[in-house]
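Observations on the three-dimensional arrangement
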Amino acid sequence: MAAHRLVNLTGPLGVGKSRLAARLDDTTRIDLDLPRALSVLRRALADPATARRTLVIDGVDGRQRREAVSAALDEDTGARRPSLVVVSRRPVLADPRWAHPHIAALALPPACDGLITTMAAAVESQEGRALAVRLAGGIPLLADAACRALACSPPPASPGAIADQLAEVILERVGRELPGRRWRHALRTLATVRAADEELLPGGPDQFTRLAALSIVERGALGLRITEPYRTILELAYRWRRPQAHESARSHARDYRLTLLGRAHHGRERAELADHGLFLTGHPLLRRELFPAGERTVGFRTALATDGDDIARLMHEWALHSGFDPRRCERLTERWAADDISAFHLALDRDGRAIGVANLMPIGARTADGVEPLLQQHSGTLTGGGLFLGAAHCRDPAARAHLLRHVLRQGVEAGRLVVSTASPDYQNLIRGLGFRGHGGIRDDVYRCGRNPEVFSNDLAATALPDWLGRIARGDAPAPGPGPSGTPRLSPKELRILLDYTSGMTLDSAARRAGITPNTAKDYLGRVKAKYRAAGRPTHTKIDLARRVREDRLDHS
């Protein structure tokens, strides 16, 4: 405000823009949500006394409001215009009809995890606090709404039931940008399928255009998408309200994307479609690890010689986080960088800082020496092109999901991906992705007490539809037991378990899975038996829901 007379304070719905603007001294605030606010704005601009104060115009969301505020500023002929703060969810300069280019934009990002955790501290149960933090996705408004909903819900709380109450908050706020209610169903469908063109969205081109104007909707490579955490909340609520309609929309989108994937001619197009196809499989582990509710702005580029310090810092973090010997990791890093430093891919935050790293080496004679220590006896059978993933690390879970999906997209463009990892979590993820296991190598390369295991997957154009279809059908290997004694559940057992504990009846869960209630009951019996064998007796629906939360099996 000291440097600019006109400032645009932006940020996602519910992030706290109005609260921040209220902390300015000596202001006049005009809320466009109130009746006759535009008339009040014009009078304030014409009042000489206003010029001595800061004028805060809040709620400048939606095309009509932006045009009205821009026109009011054009009408202002006063000798001295007041300092202005325009509060909006999207930058006003993104609208080509905004007529005042000399405006400084200030973006307010989602809150840190510490603030949201503090807000959730009033929730009595640990499971409820974790759910509130997970659904909030860094948005204080949603954290507050989740805490209120949890206070009125008997434990254990259903994620879908809590999300439904948060969805009403989101829809009410978004409704101020777009009159009427007919677009709501299309918005729920968009949340369910994650990205959609006109073919996938109901309502035709006019509805598509209306949705594109909403502040929580972005344009992407495959059409429109809802930003997180709003997408996750709207989908959970829709699944809770109409499970069969939710499953039908997702299945239709999956079939449509697989059809497009079979016709795609370019590697980048195939990579985008495969990324979306992974989401549409509905696999809980993949949803949790690759598509979390938190939203982060992450960019990628291959490393340059000047990035050596950032690479060394991030690889050292990787070693410490994974329990590896830092000196062994340092020697591997030096070898890989000497072969080709551009094999390191850096994940960058909105300010261009390196926050994550992945080492992706083309498999060939030039990189054989760098790859051999992590393949050893498998080196001879895993030649012939593609990429080798030596390491992937990012501390922030939402940014890490972007990094892992970037790795997969690179693998799709290369046609093949080979992975060697000593991390049990990454081994579970790779199995969930349906990669072929080749077994462990001879040596404990990282001096961590675990020998790396080797996996590979054919990601060529002709193999992609079958690969994604296998994951969707539950034919891909299920994740192995976790470190806390989580038993190995088949994908079908896991799906019935999650639907049943989300609040659905056993009959509804069976219908959604396309099986009989007796078969669904048999699946739950197997789940209980596996937990008993793991030393964690599980008898009732409440017990099952507790296991789901303890083992983080739900994908909310």
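Presented here is an overview of the structure given in this document. Treat the numbers as computed from the prediction; the structure is a model and nothing was measured.

1. Section: the overall build of the protein chain
Check the secondary structure of the protein chain and you find 23 helices and 15 strands. In terms of overall dimensions, the protein chain is globule-like: its C-alpha atoms have a radius of gyration of 26 Å, near the 24 Å expected for 556 residues. Its C-alpha atoms give the protein chain principal-axis dimensions of roughly 80 × 60 × 45 Å. Across the protein chain, contacts joining residues at least 24 apart in sequence account for 71% of those joining residues at least 6 apart. Of the roughly 24900 Å² of accessible surface on the protein chain, 51% is carried by carbon and sulfur atoms. Measuring between centres, the 81 positive side-chain charges of the protein chain sit 4 Å from its 64 negative side-chain charges.

2. Thoughts on helix α14 (residues 308-322)
Each α-helix winds once per 3.6 residues, and so residues spaced three or four apart point in a common direction. Helix length check: α14, at 15 residues, gives a terminal C-alpha distance of 21 Å against a target of 21 Å (1.5 Å per residue), a fit within 8%. Turning to α14, its buried residues number three or more, namely Ile311, Leu314, Met315, Glu317, Trp318, Ala319 and Ser322. Of the surrounding elements, those touching the buried residues of α14 are α15 (326-339), β10 (344-348), β11 (354-362) and β12 (387-394). Once α14 ends, the next one or two residues include Gly323, with phi positive near 75°.

3. What about the pairing of strand β13 (residues 416-421)?
With six of six residues buried, β13 lies mostly within the body of the structure. Taking every second residue as pointing to the same face, both faces of β13 are buried, with Arg416, Val418 and Ser420 on one and Leu417, Val419 and Thr421 on the other. For β12 and β13, the ladder comprises three bridges, and the chain directions are parallel. Its bridge partner lying in β13, Phe388 is registered against Val418.

4. Structural notes on the packing of aromatic side chains
Within the structure shown, the criterion is met by four aromatic pairs. Between Trp318 and Tyr446, the aromatic rings sit 5.6 Å apart at their centres with planes inclined by 90°, giving edge-to-face as the arrangement. Residue Trp318 is located in helix α14, and its partner Tyr446 is located in the loop between β14 (436-440) and β15 (453-458); the two are separated by 128 residues in the primary sequence. Tyr446 shares its class with Trp318; the two are buried. Plain terms: the ring middles of Phe324 and Tyr446 are 4.2 Å apart, the flat faces sit at 10° to each other, and that makes the pair stacked. Within this pair, whereas Phe324 is found in the loop between α14 and α15, its partner Tyr446 is found in the loop between β14 and β15, the two being separated by 122 residues in sequence. Its relative accessible area of 1% is what places Tyr446 among the buried residues. Three or more aromatic residues joined by ring pairs form one cluster here, namely Trp318, Phe324 and Tyr446. Over the face of the ring belonging to Phe279 we find Arg194, whose NZ or CZ atom lies 5.7 Å from the ring centre. Over the face of the ring belonging to Phe279 we find Arg287, whose NZ or CZ atom lies 3.8 Å from the ring centre.

5. What about the sheet that holds strand β4 (residues 83-88)?
The strand order β2-β3-β4-β1-β5 describes an open sheet built from five strands, whose pairing is parallel. Both edges of this open sheet fall to β2 (27-31) and β5 (104-107), since each of them pairs with a single strand only. When strand polarity is set aside, the average angle formed by the axes of neighbouring strands in this sheet is 20°. Examined bridge by bridge, β2 and strand β3 (residues 54-58) share five bridges and lie parallel to one another. Directly across from Asp31, in β3, lies its bridge partner Asp58. The strands touched by helix α2 (residues 37-46) within the sheet are β2, β3 and β4, with β2 carrying the most contacts at an inclination of about 155°.

6. A few points about the environment of Thr28
With respect to the element layout, Thr28 can be found in strand β2. Look at Thr28 and you get partly exposed, because its relative accessible area is 24%. In the structure, Thr28 is positioned 187 residues away from Ser215 in sequence and 25 Å away in space, judged by C-alpha atoms. Residues contacting Thr28, with those up to four places away along its chain left out, are Arg53, Thr54, Leu55 and Val56. A polar atom in the side chain of Thr28 sits 2.9 Å from the side chain of Arg53.

7. Focus on the nonpolar core
One recurring pattern in soluble globular proteins: nonpolar side chains tend to sit buried together. By size, the foremost hydrophobic cluster in this structure holds 92 residues, and its most contacted members are Leu187, Ile216, Leu278, Leu417 and Leu433. The greatest single-element share of this core, amounting to eight residues, is contributed by helix α6 (residues 140-151). Every residue in contact with Leu278, bar those within four places of it in the chain, is listed here: Leu286, Leu290, Phe291, Leu408, Leu433, Trp467, Leu468 and Ile471. Among the nonpolar cores identified, the runner-up in size contains 31 residues, and Ala343, Met361, Leu382 and Phe388 belong to it.

8. Some remarks on the sheet that holds strand β8 (residues 223-226)
Read from one edge to the other, the open sheet built from three strands follows the order β6-β8-β7, with strand pairing classed as antiparallel. Here the strands that pair on one side only, and so sit at the sheet edges, are β6 (195-196) and β7 (217-220). Pairing geometry for β6 and β8, over two bridges, is antiparallel. Residue Ala195 lies in a different strand from β8, and its bridge partner there is Arg225.

Conventions adopted
- Residues numbered from 1 in each chain as written.
- Predicted model: local features only at pLDDT ≥ 70, side-chain atom pairs only at ≥ 80, totals over all residues.
- Heavy atoms only, no water.
- Helix = DSSP H or I, 4+ residues; strand = E, 2+ residues; numbered from the N terminus.
- Rg over C-alpha atoms; globule rule 2.2 N^0.38 Å.
- Contact = heavy atoms within 4.5 Å.
- Areas by Shrake-Rupley, 256 points an atom, 1.4 Å probe, with all protein chains shown as cover.
- Lys, Arg positive; Asp, Glu negative; His and termini not counted.
- Charge placed at Lys NZ, Arg CZ, Asp CG, Glu CD.
- Expected span 1.5 Å × (residues − 1).
- Buried < 20%, exposed > 50% of the residue type's maximum accessible area, 1.4 Å probe, protein only.
- Pairing = 2+ DSSP bridges.
- Phe/Tyr/Trp six-rings, centres within 6.5 Å; stacked < 30°, edge-to-face > 60°.
- Lys NZ or Arg CZ within 6 Å of the ring centre and 35° of its normal.
- Axes fitted to C-alpha atoms, helices over the stretch in contact; angles between N-to-C directions.
- Polar contact = N/O pair within 3.5 Å; in protein donor to acceptor, adjacent residues only side chain to side chain.
- Core = buried A, V, L, I, M, F, W, Y, C linked by side-chain atoms within 4.5 Å.

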